[in-house]
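Summary of the model geometry
What follows is the residue order along each chain.
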Amino acid sequence: MAVHGARSRSGGRPTLEEVAARAGVGRGTVSRVINGSPRVSDATRAAVEAAVAELGYVPNTAARALAANRTDAIALVVPEPETRFFAEPYFSDMLRGVGAALSETEMQLLLIFAGSDRERARLAQYLAAHRVDGVLLVSVHADDPLPDLLAQLEIPAVISGRRSADETLPSVDSDNFGGGRFAVEHLIAQGRRTIAHLAGRLDVFGAQRRVDGYRAALREAGHEVDERLVVAGDFTEEGGRRAMKELLAVRPDLDAVFAGSDVMAAGARQVLREAGRRIPDDVALVGYDDSAIARHMDPPLTSVRQPIEDMGRAMLDLLMDEIADRRPAASRGLERRQLVLPTELVARQSS
């Protein structure tokens, strides 16, 4: 006979993990059943529902709904100017992935820009009123106060890209170190000797890791690392132009460029052509993201593909798990999850 309202093994309220163990499924599957996702088989749904009944598990989200505190809305927060959001394919691809995953739930999505101090102050007030059930943070810089604010408010949150190697919030990232290494290994295999790197903003951990991958590939091939060949930009086309001009002034003999984004590569290509350098004859060029820009560039751009839409879907799945299990942040510790998705090089005519 099933005993409803059963206590957990620890003597407290049954947890999501105990439901998952009883049903023989993963924690994320239990979360999807509780949140009404259609991406669960009938058999699995029945097993989870039986485990919930046997253990007497009551999700915190259900309690919040009963108390009329559930909003059924999440926010996608972009701490960048709107102009950058609409100019760079990275953001639209991320939004597409989040939207695809969200369409399988009953949740609504709010897109919020927080690129200025005024917008951040307004966002802080909005979040403090608990008007959303969770937050997806995209394009987070190392000194960004928003993740800490979300932790203080105990609002479930997932960030795109870790702030450091010691990230405490759940995050979804791509293998930036591997991506940087792939780009440089490819250029070395093409016989290039003087390889420059147009880095992104170095207060972004992903940009730092691409630089680390760049250096590692050079050292592993027995090449000297010349720090003059690494110039930081800001992931924009104008940043790519500025950085490329600086590199040509310092090392006019360079024969390859690895850019931290396809958008930066587009800016670099313009400067190289103005300087009379042919691509790829004189200078090979590799970008990052494998966006539509790479495919439509002349010549088509070799680029490191990161699965941006998949990252968006994974972020939403993680956030739904966080919303379904709203224990105090201090009790979660090592359960915080950081997912790293693989990258791959897509070779085209620019290299």
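Residues numbered from 1 in each chain as written. Predicted model: local features only at pLDDT ≥ 70, side-chain atom pairs only at ≥ 80, totals over all residues. Heavy atoms only, no water.

Brief notes about the overall build of the chain
On a plain count of helices and strands, the chain comes out with 14 helices and 12 strands. Counting only contacts in the chain whose residues sit at least 6 apart along the sequence, the fraction spanning at least 24 positions is 73%. As displayed, the chain offers around 15300 Å² of accessible surface, 50% of which is attributable to carbon and sulfur atoms. (Helix = DSSP H or I, 4+ residues; strand = E, 2+ residues; numbered from the N terminus. Contact = heavy atoms within 4.5 Å. Areas by Shrake-Rupley, 256 points an atom, 1.4 Å probe, with all protein chains shown as cover.)

Focus on the sheet that holds strand β1 (residues 73-78)
Taken together, 6 strands build an open sheet; the order of strands is β2-β1-β3-β4-β5-β11 and the sheet is parallel. Either end of the sheet is taken by a strand with one partner, and the two such strands are β2 (108-113) and β11 (338-341). The sheet shows a mean angle of 20 degrees between the axes of neighbouring strands, direction not considered. Here 4 bridges tie strand β3 (residues 134-138) to strand β4 (residues 157-160), and the two strands are oriented parallel to one another. Pairing of Val-135 across the sheet is with Ala-157, part of β4. (Pairing = 2+ DSSP bridges. Axes fitted to C-alpha atoms, helices over the stretch in contact; angles between N-to-C directions.)

Notes on the nonpolar core
Counting 43 residues, the largest nonpolar core has Leu-198, Tyr-214, Met-244, Leu-247, Leu-254, Val-257 and Phe-258 as the members making the most contacts within it. Looking at this core, the elements with two or more residues in it are α9 (176-189), β6 (195-199), α10 (205-220), β7 (230-232), α11 (237-250), β8 (256-259), α12 (262-274) and β9 (284-289). Here this core gets 6 residues from one element, more than from any other, and that element is α12. In this view, Val-257 contacts Leu-187, Ala-196, Leu-198, Met-244, Val-283, Ala-284, Leu-285 and Val-286; residues no more than four positions away in its chain are not counted. Listed in part, the 26 residues of the second largest apolar core include Ile-74, Phe-113, Leu-136 and Val-158. (Core = buried A, V, L, I, M, F, W, Y, C linked by side-chain atoms within 4.5 Å. Buried < 20%, exposed > 50% of the residue type's maximum accessible area, 1.4 Å probe, protein only.)

A short note on empty space enclosed by the protein
Applying the stated criterion across every chain yields a total of 2 cavities of 30 Å³ or more. Reported here for the largest cavity is a volume of approximately 370 Å³. Together, 27 residues line the largest cavity, and Tyr-90, Ser-139, Val-204, Arg-210 and Phe-235 are the ones closest to its centre. Secondary-structure elements contributing two or more residues to the lining of the largest cavity are α6 (89-102), β5 (171-174) and α10. A total of 4 residues in the lining of the largest cavity trace back to one element, the largest contributor, which is α10. Residue composition of the lining of the largest cavity, grouped by class: 10 nonpolar, 9 polar and 8 charged. (1 Å grid on protein atoms, 1.4 Å probe; cavity = no way out; pocket = protein on both sides within 12 Å on 5 of 7 lines; lining within 4 Å. Points joined across faces, edges and corners; volume = space filled by probe spheres on them. Nonpolar A, V, L, I, M, F, W, Y, C, P; charged D, E, K, R; others polar.)

Notes on the packing of aromatic side chains
Taken as a whole, this structure holds 6 aromatic pairs when the rule is applied. Taking the centre distance of 5.2 Å and the plane angle of 80 degrees together, the rings of Phe-85 and Phe-113 count as edge-to-face. A residue pair is termed long-range when its members are at least 10 positions apart, and Phe-85 in helix α5 (residues 82-87) and Phe-113 in strand β2 qualify at 28 residues. Across the pair, exposure class does not vary: Phe-85 and Phe-113 are buried alike. Cation over ring: Arg-210 sits above Tyr-288, and NZ or CZ is 3.7 Å from the ring centre. (Phe/Tyr/Trp six-rings, centres within 6.5 Å; stacked < 30°, edge-to-face > 60°. Lys NZ or Arg CZ within 6 Å of the ring centre and 35° of its normal.)

Considerations on the layout of surface pockets
Estimates place the volume of the second largest pocket at around 150 Å³. Arg-193, Thr-194, Ile-195, Tyr-214, Leu-218, Gly-222, His-223, Glu-224, Asp-226, Leu-229 and Arg-251 together form the lining of the second largest pocket. Considering only residue class, the lining of the second largest pocket consists of 4 nonpolar, 3 polar and 4 charged.

Some details on the pattern of salt bridges
In the structure shown here, the tally under the stated rule is 29 salt bridges. Its salt-bridge partner being Arg-181, residue Glu-220 comes within 2.6 Å of it at the nearest N-O pair. Highlighted residues: Glu-220 in helix α10 and Arg-181 in helix α9, separated in sequence by 39 residues. Put simply, Arg-241 and Glu-237 hold a salt bridge, and the shortest N to O gap is 3.4 Å. Here Arg-241 and its partner Glu-237 are both found in helix α11, 4 residues apart, which amounts to about one turn of the helix. Through salt bridges with shared partners, a single network forms among Asp-93, Arg-96, Glu-309, Asp-310 and Arg-313. (Salt bridge = Lys/Arg side-chain N within 4 Å of Asp/Glu carboxyl O.)

Looking at the sheet that holds β8
Spatial ordering of the open sheet is given by β7-β6-β8-β9-β10-β12, a layout of 6 strands whose pairing is mixed. The open sheet terminates on both sides in strands that have one partner only, identified here as β7 and β12 (344-346). Strand-to-strand twist of the sheet, defined as the mean angle between neighbouring strand axes without regard to direction, takes the value 20 degrees. Here 3 bridges tie strand β10 (residues 302-305) to β12, and the two strands are oriented antiparallel to one another. Looking at the pairing, Ser-303 lines up with Val-346 of β12.

As for the side chain of Asp-173
One can find Asp-173 in strand β5. With no salt bridge to any partner, buried Asp-173 finds its closest opposite charge in Arg-162, at an N-O distance of 4.2 Å. In terms of polar contacts, Asp-173 uses its side chain to reach the side chain of Asn-176, at 3.1 Å. In contact with Asp-173, other than residues within four places in its own chain, are Gly-161, Arg-162, Met-311, Leu-339, Val-340 and Leu-341. (Lys, Arg positive; Asp, Glu negative; His and termini not counted. Polar contact = N/O pair within 3.5 Å; in protein donor to acceptor, adjacent residues only side chain to side chain.)

Concerning helix α8 (residues 146-153)
Helical periodicity: at 3.6 residues per turn, an α-helix aligns residues three or four positions apart in one direction. Of all the residues in α8, the buried ones are Leu-146, Pro-147 and Leu-150. All buried residues of α8 lie within an arc of 105 degrees about the axis, which places them on one face of the element. On its buried face, α8 sits against β1, α7 (117-128), β3 and β4. Just downstream of α8, Glu-154 is the residue with a positive phi angle, here 55 degrees. (Arc of directions from axis to C-beta.)

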